[in-house]
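# Results of the structural survey
Each chain, written out:
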Amino acid sequence: MKIAVFAGDGIGAEVVAEAVRVLEVLDLPGMELIEGDVGGAAWRKHGHPLPQQTIDIAHAADAILFGSVGDFDCDHLERALRPEQAILGLRKELTLFANLRPATVFKGLEDLTSLRPEVAREIDLLIVRELNGDVYFGEKGTRTLEDGRRQGWDMMSYAEDEVRRIAHVAFRAAQGRSGKLCSVDKANVLETSQLWRDVVIEVAAEYPDVELSHMYVDNAAMQLVKNPGQFDVVVTGNLFGDILSDQASMCVGSIGLLASASLGETQTQYGTKGLYEPIHGSAPDIAGQGKANPMAQILSAAMMLRHSFGLEDQAVRIEAAVASALADGIKGGDLGGSAGTRAIGDAVVSRL
Ligand SMILES: NC(=O)C1=CN([C@@H]2O[C@H](COP(=O)(O)OP(=O)(O)OC[C@H]3O[C@@H](n4cnc5c(N)ncnc54)[C@H](O)[C@@H]3O)[C@@H](O)[C@H]2O)C=CC1
Ligand SMILES: CC(C)CC(=O)C(=O)O
Ligand SMILES: [Mg+2]
């Protein structure tokens, strides 16, 4: 079981250290951790945020545990050398097109979310975010117009096969849950979204047992705080999914709690090859202070055991340990508590 560990920048190293302790305490036979450099840390050492040796480690691994990248000291660099290119590059290089971002309210946190407790309690949703297309990967640039004004531009596009494959992932996820799927787009304005909607409707014919609905992204953002219990599986594009999932994190308490799995179609001898990371970034405002909540990273490790290694029991054990720590009042500053990164890691490890 080869696991690549790419901690990255800012709080990445702090929270990944706790997730690694959790994996080690499980004492899984044959588990091998291989570290690699990504982001600003990799740029400093190798002159590139995603050096070839890191790509090689990623290809050789069965799964990747990823921290976060982002470093303000790199803001002066041309875009291709910025830390964020490491995560975008890995997602593309490994064709990890399906990003699963689950959000549920842990017991004891109902009063700590940005919503009323009775509204928050209803949340049990899965955002299925497309990860290989959209404005993040389209042609982009800055140009000077004839009248001298500078203009930035980013091309938004989806090809039908890109929509089809993420739609299948979402329909199958809905079949395994409540059978409800909501596709979020902006088809009233964007051609990209109209094609997205047309293809999702085509794919729906293969899943008559799934109830499909459509919602414009602006309404979805509003409904997510008004009545999040109406959603089960939400499928959407790269940009909308990025934004809606950060929003969903506050509906369940904190961005320090939301884990993710990025999957493609590569199968290893153990399961589906994937990359696992919290939905948050490198949080430079709290980096190096031992304040970051490592739970999203630890829960990402649990998703890795589930999807890439078929170790459902171990995944459930980790999730139960996190839930138990929270129920016992072990909370980081992001949840109004005082537990630091290490103390939260200790609490999870001791419960395991
Ligand atoms: N996948 C990745 O590696 C991602 C990288 N980024 C990068 O991270 C850098 C910072 O971006 P921001 O927009 O500030 O987003 P961010 O997610 O890093 O932080 C947003 C806010 O949430 C807090 N926060 C985040 N994670 C936390 C945790 N585990 N515990 C407690 N508080 C936490 C931060 O302190 C900050 O106040 C940027 O360079 C950005 O590009 C952002 C998102 C994803
Ligand atoms: C850093 C970005 C490239 C991505 C991001 O914010 C995310 O994937 O959540
Ligand atoms: Mg994001």
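Criteria and cut-off values
- In every chain, residue numbers begin from 1 and rise along the written sequence.
- Here chains are named by letter from A upward and ligands by number from 1 upward, in the order in which they appear as written.
- Residue-level local features of this predicted model are given only where pLDDT is at least 70; pairs of side-chain atoms are given and counted only at 80 or more, and the full residue set underlies all totals for whole chains, interfaces and linings.
- UniProt positions are given in the numbering used here, feature names are shortened, and annotations may be inferred rather than shown by experiment.
- The way it works is that DSSP assigns letters per residue, a run of H or I at least four long becomes a helix, a run of E at least two long becomes a strand, and they are numbered from the N terminus.
- The contact rule is simple: place each C-beta atom from the backbone, and if two of them lie within 7 Å, those residues are in contact.
- Here exposure depends only on C-beta density: within 10 Å of a residue's C-beta, 20 or more other C-beta atoms make it buried, 12 or fewer make it exposed, and intermediate numbers make it partly exposed, the C-beta atoms being placed from the backbone.
- Each residue receives a C-beta atom built from its backbone; the residue is near a molecule or strand if that atom lies within 6 Å of it.
- Think of it as three bins: nonpolar holds Ala, Val, Leu, Ile, Met, Phe, Trp, Tyr, Cys and Pro, charged holds Asp, Glu, Lys and Arg, and polar takes everything else, Gly as well.
- Pairing between two strands is assigned when DSSP locates at least 2 bridges connecting them.
- Comment: axis = line fitted to C-alpha atoms, over the contacting stretch for helices; angle = value between 0 and 180 degrees taken between N-to-C directions.
- A score from 0 to 100, pLDDT tells how confident the predictor is in each residue.
- Every angle not falling under 35 degrees, over 145, or within 65 to 115 is termed oblique; those three ranges are roughly parallel, roughly antiparallel and roughly perpendicular.
- Crossings are sorted by hand: turned counterclockwise from the far helix by less than a right angle, the near helix makes the crossing left-handed, and turned clockwise it makes it right-handed.

## Quick notes on the UniProt feature "site: Important for catalysis" (unreviewed entry) in the protein chain
- UniProt's feature table lists "site: Important for catalysis" (unreviewed entry) at Tyr136 and Lys186, given in the numbering used throughout.
- Following the sequence through the fold, tyrosine 136 ends up in the loop between strand 5 (124-130) and strand 6 (140-144).
- Filtering out sequence-adjacent residues up to four positions away, tyrosine 136 remains in contact with Leu88, Asn238 and Leu239.
- If you trace the backbone, lysine 186 turns up in the loop between strand 8 (180-185) and helix 7 (191-204).
- Once residues lying within four places of it in the same chain are set aside, the contact partners of lysine 186 are Ser193, Tyr216 and Val217.

## A short note on the UniProt feature "binding site: substrate" (unreviewed entry) in the protein chain
- Under the present numbering, the feature "binding site: substrate" (unreviewed entry) in UniProt falls on Arg91, Arg101, Arg129 and Asp218. The greatest C-alpha distance among the annotated residues, which extend across 128 residues, is 26.6 Å, indicating that they are dispersed rather than converging on a single site.
- The topology assignment puts arginine 91 in helix 4 (residues 84-93).
- Using a count of 22 C-beta atoms within 10 Å as the deciding quantity, one classes arginine 91 as buried.

## Topic: the site of ligand 2
- Surveying the vicinity of ligand 2 reveals the residues Glu84, Ile87, Leu88, Asp242, Ile279 and Gly281.
- Looking at the shell around ligand 2 element by element, the count peaks at three residues for helix 4.
- Of the residues in the shell around ligand 2, the class split is three nonpolar, one polar and two charged.

## Describing the sheet that holds strand 1 (residues 2-8)
- Pairing is mixed across the open sheet formed by 10 strands, whose spatial order is 2-1-3-12-11-4-5-10-8-9. With one partner strand each, in any of the chains shown, strand 2 (32-35) and strand 9 (211-216) form the two edges of the open sheet. For this sheet the average axis-to-axis angle between neighbouring strands, irrespective of direction, equals 25°.
- Pairing between strand 1 and strand 3 (residues 63-68): five bridges, direction parallel. Among the inter-strand pairings, valine 5 is bridged to a residue of strand 3, identified as leucine 65.
- Helix-sheet contacts for helix 1 (residues 12-26) involve strand 1, strand 2, strand 3 and strand 12 (272-278), and the interaxial angle to strand 3 is about 140°.
- Strand contacts of helix 3 (residues 52-60): strand 1, strand 2 and strand 3, with the helix running at about 145° to strand 1, the strand carrying the most contacts.

## Digging into the site of ligand 1
- If you check the shell around ligand 1, you find 22 residues, and the closest are Gly70, Gly256, His280, Gly281 and Ala283.
- Classifying every residue of the shell around ligand 1 gives 10 nonpolar, eight polar and four charged.

## A word on the confidence of the model for the protein chain
- On average, residues of the protein chain score 97 in pLDDT, and 100% of them reach the 70 mark or higher.
- In the predicted assembly, ipTM is 0.99 and pTM is 0.98.

## Side note on unusual backbone geometry
- Not every positive phi belongs to a glycine, and aspartate 27 is a case in point at roughly 55°.
- Examined against the element boundaries, aspartate 27 turns out to sit in the loop between helix 1 and strand 2.
- Phi at aspartate 134 takes a positive value of approximately 75°, unusual for a residue other than glycine.

## Here's the deal with the packing of helix 6 (residues 160-175) against helix 7
- Direction vectors running N to C along helix 6 and helix 7 enclose 50°, while the axes themselves pass 9 Å from each other. As the angle between them shows, helix 6 and helix 7 are arranged oblique. Crossing of helix 6 over helix 7 shows right-handed handedness. Judged by residue contacts, Glu160, Val163, Arg164, Ala167, His168 and Phe171 of helix 6 engage Leu195, Trp196, Val199, Val200 and Val203 from helix 7.
- Its residues placed into classes, the contact of helix 6 with helix 7 shows eight nonpolar, one polar and two charged.

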